[in-house]
Amino acid sequence: MIVKGKHYKTVWLEGNTVKIINQAVLPHKFEITECPDHQRTARAISTMIIRGAGAIGTAAGFGMAQAVLEAPEKDFEAYIRNARTSLRNTRPTAQNLFYSIERVFRCIQETTDPEQARIRAVMEAEAIALEDINACKQIGEIGAKLIQNNFKVLTHCNAGWLAFTDWGTALSPIYVAKREHKNIFVWVDETRPRFQGARLTAWELQEEQIPYAVIADNAAGFYMQRGEVDLVIVGSDRIARNGDVANKIGTYEKAVLAKEHDIPFYVAAPTSTIDWDCTHGGDIPIEERSESEVVSVTGRDEVNNLRTVFIVPEGAKARNPAFDVTPAAYITGIITEKGIVAPEKLAKLKNK
Ligand code: MRU
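Residues numbered from 1 in each chain as written. Predicted model: local features only at pLDDT ≥ 70, side-chain atom pairs only at ≥ 80, totals over all residues. Heavy atoms only, no water.

**Concerning the overall build of the protein**
Assigned secondary structure in the protein consists of ten helices and 18 strands. Computed over C-alpha atoms, the radius of gyration of the protein comes to 20 Å, within 12% of the 20 Å expected from 2.2 N^0.38 for 352 residues, which places it in the range of a compact globule. Counting only C-alpha atoms, the protein reaches 65 × 50 × 45 Å along its principal axes. Summing over all exposed atoms, the protein offers an accessible surface of approximately 15,200 Å²; the carbon and sulfur share of this is 49%. For the protein, the distance from the average site of its 42 positive side-chain charges to the average site of its 45 negative ones is 1 Å. (Helix = DSSP H or I, 4+ residues; strand = E, 2+ residues; numbered from the N terminus. Rg over C-alpha atoms; globule rule 2.2 N^0.38 Å. Areas by Shrake-Rupley, 256 points an atom, 1.4 Å probe, with all protein chains shown as cover. Lys, Arg positive; Asp, Glu negative; His and termini not counted. Charge placed at Lys NZ, Arg CZ, Asp CG, Glu CD.)

**Points about the pattern of salt bridges**
Using the criterion set out here, one finds 23 salt bridges in the structure. Ionic pairing is found between Glu102 and Arg84, a salt bridge with its closest N-O pair at 2.9 Å. A residue pair is termed long-range when its members are at least 10 positions apart, and Glu102 in helix H4 (residues 95-109) and Arg84 in helix H3 (residues 76-88) qualify at 18 residues. Classification of Glu102 as buried rests on a relative accessible area of 15%. Overlapping salt bridges, with partners in common, bring together Arg91, Arg194, Glu287, Arg289 and Glu293 in one network. (Salt bridge = Lys/Arg side-chain N within 4 Å of Asp/Glu carboxyl O. Buried < 20%, exposed > 50% of the residue type's maximum accessible area, 1.4 Å probe, protein only.)

**A look at the domain arrangement of the protein**
Once the domains are mapped, the protein shows domain 1 (2-137) and domain 2 (143-349). A straight line from the C-alpha centre of domain 1 to that of domain 2 covers 24 Å. Across the domain 1/domain 2 interface, buried area totals approximately 3,200 Å², and carbon plus sulfur atoms make up 56% of it. Between Arg91 and Glu287 there is a salt bridge whose closest N-O contact spans 2.7 Å. Taken together, the links from domain 1 to domain 2 amount to 22 residue pairs in polar contact (both at pLDDT 80 or more). Those elements giving two or more residues to the side of domain 1 that touches domain 2 turn out to be strand E1 (2-3), helix H2 (53-70), H4 and helix H5 (114-143). Among the elements that make up the side of domain 1 that touches domain 2, the one with the highest residue count is H5 (six residues). Taken together, the residues of the side of domain 1 that touches domain 2 sort by class into 21 nonpolar, twelve polar and six charged. (Domains from an automatic or database assignment. Buried area = accessible area lost by both parts, 1.4 Å probe. Polar contact = N/O pair within 3.5 Å; in protein donor to acceptor, adjacent residues only side chain to side chain. Nonpolar A, V, L, I, M, F, W, Y, C, P; charged D, E, K, R; others polar.)

**Some points on the site of the ligand**
Neighbouring the ligand are 17 residues, the closest being Arg51, Arg91, Asp237, Asn247 and Lys248. At 2.5 Å, a side-chain N or O of Asp237 approaches an oxygen atom of the ligand. Contact with the protein chains hides 100% of the accessible area of the ligand, taken as 400 Å² for the molecule alone. Here the shell around the ligand is composed, by residue class, of seven nonpolar, six polar and four charged. Each of domain 1 (2-137) and domain 2 (143-349) contributes no fewer than three residues to the shell around the ligand. (Near = heavy atom within 4 Å.)

**Re the side chain of Thr336**
Following the sequence through the fold, Thr336 ends up in strand E17 (residues 333-336). There is a polar contact of 2.9 Å between the side chain of Thr336 and the backbone nitrogen of Lys338. A polar side-chain atom of Thr336 sits 2.9 Å from the main-chain carbonyl oxygen of Gly339. Once you skip the residues sitting within four places of it in the chain, Thr336 turns out to touch Ile139, Ile142, Ala269, Thr271 and Leu349. (Contact = heavy atoms within 4.5 Å.)

**Points about helix H1 (residues 38-46)**
Every buried residue of H1 is accounted for by His38, Thr41, Ala42, Ala44 and Ile45. For H1, the angular spread of the buried residues around the axis is 160 degrees, confining them to a single face. Against the buried residues of H1 lie strand E4 (17-21), strand E5 (32-35), H2, H3 and H4. Of the residues one or two after H1, Met48 is the one with positive phi, at around 65 degrees. (Arc of directions from axis to C-beta.)

**Focus: the sheet that holds E5**
Read across the sheet, three strands follow the order E3-E4-E5 without closing on themselves; strand pairing throughout is antiparallel. The open sheet has two edge strands with one neighbour each: strand E3 (11-14) and E5. Each neighbouring strand pair of the sheet contributes to a mean axis angle of 25 degrees, computed without reference to strand direction. Relative to E5, E4 runs antiparallel, the two being bridged by four bridges. If you follow Lys19 over to E5, its bridge partner there is Glu34. (Pairing = 2+ DSSP bridges. Axes fitted to C-alpha atoms, helices over the stretch in contact; angles between N-to-C directions.)

Here is the structure:
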């Protein structure tokens, strides 16, 4: 997408260096972080300099390619296996991370020549990035048909272009609908504790000049009850074979509210987010993050410095599950690059 007149992807490979838009400091600063080796790419993923299922998938694919480029010939296989383990250990929930790592790893198993392996690894990682962009663009075109003129759409967290390589999933239909000259208004859940909605979705929509309002996470029911939400679209980090969907914490309660108010609730995700080995949502690993994210907030002060302040009594305990699972029964449809399917019909996509 375009930032200050220039086209950016969230992550790209330049030589041996992975370059990443630093999402930890957005919207206050626009910075590119350089990761010259796979260890630093892994660290950028675990510290959430880059976040969002598709974006960390692409970054991890590039991280694997970096490992293959770095691997000393006498220790080639062991070096790459270690890198694969450290990249796999960065974040547990997003399926795209594992999808990309394993794709790059598999593609180099087909050769014993290190030079060939280097070429293949880079090509495979670039192919993953391109497929992610194309799938997200398709999701936008398919999903835009659900958005009527003057619709008010609610979204949770950030499943925009920052969460993928480009375009995004939940926001992609909104971007396409805007290009089709539809009037759209977006309710943006702030998405505590890391505020991906307030910080990132709001920033993306502002850059795209799409009207929106950030709302407290507990305000969605209020607007649904008043008839001010026509449609909900969220992203996903992992989809189980039965159509249960893991997404950012707070998604489940929005789905329950949407059903109560007869509001269509759609999940937008590329098929690379589907974990065909996972039979139901209860088997999806849910990341539990540091309590520091719940007890403090970081923002910009009046002189534009980033500051962290504490909002609880000293010594307060907190819990911080990063995702929840929305059962298939609450989901109207899953918007993929291959079409929209009811969650219970997900299997139709497997060999499509
Ligand atoms: O913890 P994050 O910010 O990496 O969370 C992932 C997400 O971006 C959201 O859950 C999003 O809604 C899914 S779409 C990638």
